[in-house]
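For reference, the chains in residue letters:
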Amino acid sequence: MEPSRVSRRRLLGVGASTLAVSLAGCMGGGDDDGGDEVPENTVLVGPDNNFVFEPDSLTVSPGTEVTWEWESDTHNVVVENQPEDADWPGTEGGENQFYDTGYSYSYTFETPGTYEYYCSPHRAQGMTGEIIVEE
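On a predicted model such as this, the values are computed, not experimentally measured, just so you know. (Residues numbered from 1 in each chain as written. Predicted model: local features only at pLDDT ≥ 70, side-chain atom pairs only at ≥ 80, totals over all residues. Heavy atoms only, no water.)

1. Here's the deal with the sheet that holds strand β6 (residues 104–109)
In a beta sheet, neighbouring strands pair by backbone hydrogen bonds and run either parallel or antiparallel. Applied cut-off: Any two strands between which DSSP finds at least two bridges are classified as paired. By definition, any uninterrupted DSSP run of H or I lasting at least four residues is a helix, any uninterrupted run of E lasting at least two residues is a strand, and each is numbered from the N terminus.
Across the sheet, which stays open at both edges, the four strands sit in the order β2-β1-β4-β6 with mixed pairing between neighbours. Only two strands of the sheet have a single neighbouring strand rather than two, namely β2 (53–54) and β6. Bridge count between strand β4 (residues 64–70) and β6: six bridges; the pairing is antiparallel. Counted as the bridge partner of Thr 64 is Phe 109 from β6.

2. Remarks on the side chain of Ser 72
Here is the rule: Two N or O atoms count as a polar contact when they lie within 3.5 Å, although within protein this holds only if one can serve as hydrogen donor and the other as acceptor, and sequence-adjacent residues are included solely when both atoms are side-chain atoms. Contacts are assigned to residue pairs with any non-hydrogen atoms lying within 4.5 Å of each other.
Positionally, Ser 72 belongs in the loop between β4 and β5 (78–81). Within the local environment of Ser 72, its side chain forms a polar contact with the side chain of His 75, the two groups lying 2.8 Å apart. Not counting chain neighbours up to four residues away, the residues in contact with Ser 72 comprise Val 45, Gly 46, Asn 49, Tyr 99, Asp 100 and Thr 101.

3. What about the nonpolar core?
Our working definition: Definition used in this section: a nonpolar core is a set of buried Ala, Val, Leu, Ile, Met, Phe, Trp, Tyr and Cys residues joined via side-chain atoms within 4.5 Å. Only protein chains enter the accessibility calculation, which uses a 1.4 Å probe; a residue is then buried when its area is under 20% of its type maximum, exposed when over 50%, and partly exposed in between.
Counting 21 residues, the largest nonpolar core has Phe 53, Val 66, Trp 68, Trp 88, Phe 109, Tyr 117 and Ile 131 as its most contacted members. Discounting chain neighbours no more than four positions away, the residues touching Ile 131 are Leu 58, Val 60, Val 66, Trp 68, Phe 109, Gly 113, Thr 114, Tyr 115 and Tyr 117.

4. Observations regarding the pairing of strand β8 (residues 128–133)
Side-chain alternation along β8 places Gly 129, Ile 131 and Val 133 on a buried face and Thr 128, Glu 130 and Ile 132 on a face that remains uncovered. For strand β7 (residues 113–118) and β8, the ladder comprises six bridges, and the chain directions are antiparallel. Of the residues in β8, the one forming a bridge with Glu 116 is Glu 130.

5. Quick notes on the environment of Tyr 105
As for its placement among the helices and strands, Tyr 105 is situated in strand β6. Look at Tyr 105 and you get buried, because its relative accessible area is 9%. The spatial distance from the C-alpha of Tyr 105 to the C-alpha of Trp 70 is 8.6 Å, given a sequence separation of 35 residues.

Limitation: the analysis is restricted to geometry and does not speak to function.
Structure (structure tokens):
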């Protein structure tokens, strides 16, 4: 068999396996040990050394605690906009304090509305996010 056919066949096999695992998860089957799954209401900060929050938008109910987990270095969570009655401070130290891999930050959102935030050293690269709190 020529190399390109082997590669395509392997890729198709991987794709089929991934699809089967994905579908099993949707149907309630599959591996239940948590594996690489991100806990509910968790935002990954800089996963795979990318300048992103993952997810970049999260919708929660009032009273929900959201946790940010750092997966790479030199990031923060700086509040850009929030509802008028809210008092979310973002990470301690504002724009000038950075945190590294393994750091964790949590906040419980009580006031309904949209909370927009960014990572100050990577804002120009588009590292922004939002939390939407709705009843």
